[in-house]
Amino acid sequence: MFTKVTPVRPYWSEIRDKMFTQITVAGFTIDEADVIGINQTDDTIMSHLMTREGHILLVPYNASSSNDTAMKTGLDVVFAIHDNIPKLFPSPIIMPVANALASSLRSRLAEERGSGRLTPQIDRQILFIAENDLDRPELALRIRSHVEKLYQAHALLDT
């Protein structure tokens, strides 16, 4: 079972703190050493992720605003993982989405599904969480349920 969470370029404190609280209430742990900071390069992120097998990934939709990175969104990070780190394919992904980016995400999802890049397997791996839902008491249960469902699905494949 997945127990640890690796945050990748976590959102600013207001969203990050609420998200971290919900993850903790769901029964998962976030160690400061596992946080991959906002200022990390794409290569550094991928290097760190290669050591995170068995972790839940917390990847905000707005993953970077730096001109020095190609992975601007959480979807870009997820696609890079699927292209380069097969051992993370079973990892559940939690993707908070700031209110200001919800429309952009919907457009991007439609585009990526249409192109076939966002496969049903990758789509099932991601739990999108709207900023408006961060204060909902049932969110921790949704997170836990998502992780357990993916764990069970992959456990069935391994047998």
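These numbers come from a predicted model, not from an experiment.

Draft legend 1. A look at the overall build of the chain. Across its full length, the chain holds six helices and four strands. Reading the helices (α) and strands (β) of the chain from amino to carboxyl end gives β-α-α-β-α-β-α-α-β-α. At 15 Å, the chain has a C-alpha radius of gyration in line with the 15 Å of a compact globule built from 159 residues. Principal axes of the C-alpha set define a box for the chain whose edges measure 40 × 35 × 30 Å. Classification of the 159 residues of the chain by burial places 45% in the buried group. Residue pairs in contact within the chain that sit at least 24 positions apart in sequence constitute 76% of those at least 6 positions apart. When the accessible area of the chain is evaluated, it comes to approximately 8100 Å², of which 51% is carbon and sulfur surface.

Draft legend 2. Region of the structure containing the pairing of strand 2 (residues 55-58). Residues His-55 and Leu-57 point to one face of strand 2 and Ile-56 and Leu-58 to the other, with burial holding for every one of them. Strand direction decides the pairing type here: strand 1 (residues 4-7) and strand 2, joined by four bridges, are parallel. Each bridged residue has a counterpart across the sheet, and for Lys-4 the counterpart in strand 2 is His-55. Sheet topology note: the strand 2/strand 3 (residues 93-97) ladder contains two bridges and is parallel. By the bridge assignment for strand 3, Leu-58 is matched with Ile-94.

Draft legend 3. The arrangement of the nonpolar core in detail. The biggest cluster of nonpolar side chains holds 44 residues, and the ones touching the most others in it are Leu-49 and Ile-143. Only helix 1 (13-25), helix 2 (42-49), strand 2, helix 3 (74-84), strand 3, helix 4 (102-115), strand 4 (126-130) and helix 6 (139-158) provide two or more residues apiece to this core. With residues up to four places along the chain from it excluded, the contact list for Ile-143 reads Met-19, Gln-22, Ile-23, Ala-26, Phe-28, Ile-94, Leu-127 and Ile-129.

Draft legend 4. How the structure looks around the pattern of salt bridges. Taken as a whole and judged by the stated rule, the model has 14 salt bridges. Across the pair Arg-108 and Asp-76 runs a salt bridge, and its minimum N-O distance is 2.7 Å. Remark: Asp-76 occurs in helix 3 and Arg-108 occurs in helix 4; sequence separation between them is 32 residues. Pair check on accessibility: Arg-108 and Asp-76 agree, each one buried. Between Asp-133 and Arg-136 there is a salt bridge; the shortest N-O distance is 2.7 Å. Residue class for Asp-133 comes out buried when judged on its relative accessible area of 17%. By relative accessible area, Arg-136 is classed as partly exposed at 41%. Look at the salt bridges and you will find they share partners, linking Lys-4, Asp-31, Asp-34 and Arg-52 into a network.

Draft legend 5. Seen up close, the sheet that holds strand 4. What the four strands build is an open sheet, ordered 1-2-3-4; its pairing is parallel. The open sheet has two free edges, formed respectively by strand 1 and strand 4, since each of these has just one partner strand. Taking the axes of each pair of neighbouring strands and ignoring which way they run, one obtains an average angle of 25 degrees across the sheet. Inspection of the sheet shows strand 3 paired to strand 4 by five bridges, in the parallel sense. Pairing of Ile-93 across the sheet is with Ile-126, part of strand 4. Sheet strands in contact with helix 3 are strand 2, strand 3 and strand 4, and its direction is about 160 degrees off that of strand 3.

Rules used throughout
Residues numbered from 1 in each chain as written. Predicted model: local features only at pLDDT ≥ 70, side-chain atom pairs only at ≥ 80, totals over all residues. Heavy atoms only, no water. Helix = DSSP H or I, 4+ residues; strand = E, 2+ residues; numbered from the N terminus. Rg over C-alpha atoms; globule rule 2.2 N^0.38 Å. Buried < 20%, exposed > 50% of the residue type's maximum accessible area, 1.4 Å probe, protein only. Contact = heavy atoms within 4.5 Å. Areas by Shrake-Rupley, 256 points an atom, 1.4 Å probe, with all protein chains shown as cover. Pairing = 2+ DSSP bridges. Core = buried A, V, L, I, M, F, W, Y, C linked by side-chain atoms within 4.5 Å. Salt bridge = Lys/Arg side-chain N within 4 Å of Asp/Glu carboxyl O. Axes fitted to C-alpha atoms, helices over the stretch in contact; angles between N-to-C directions.

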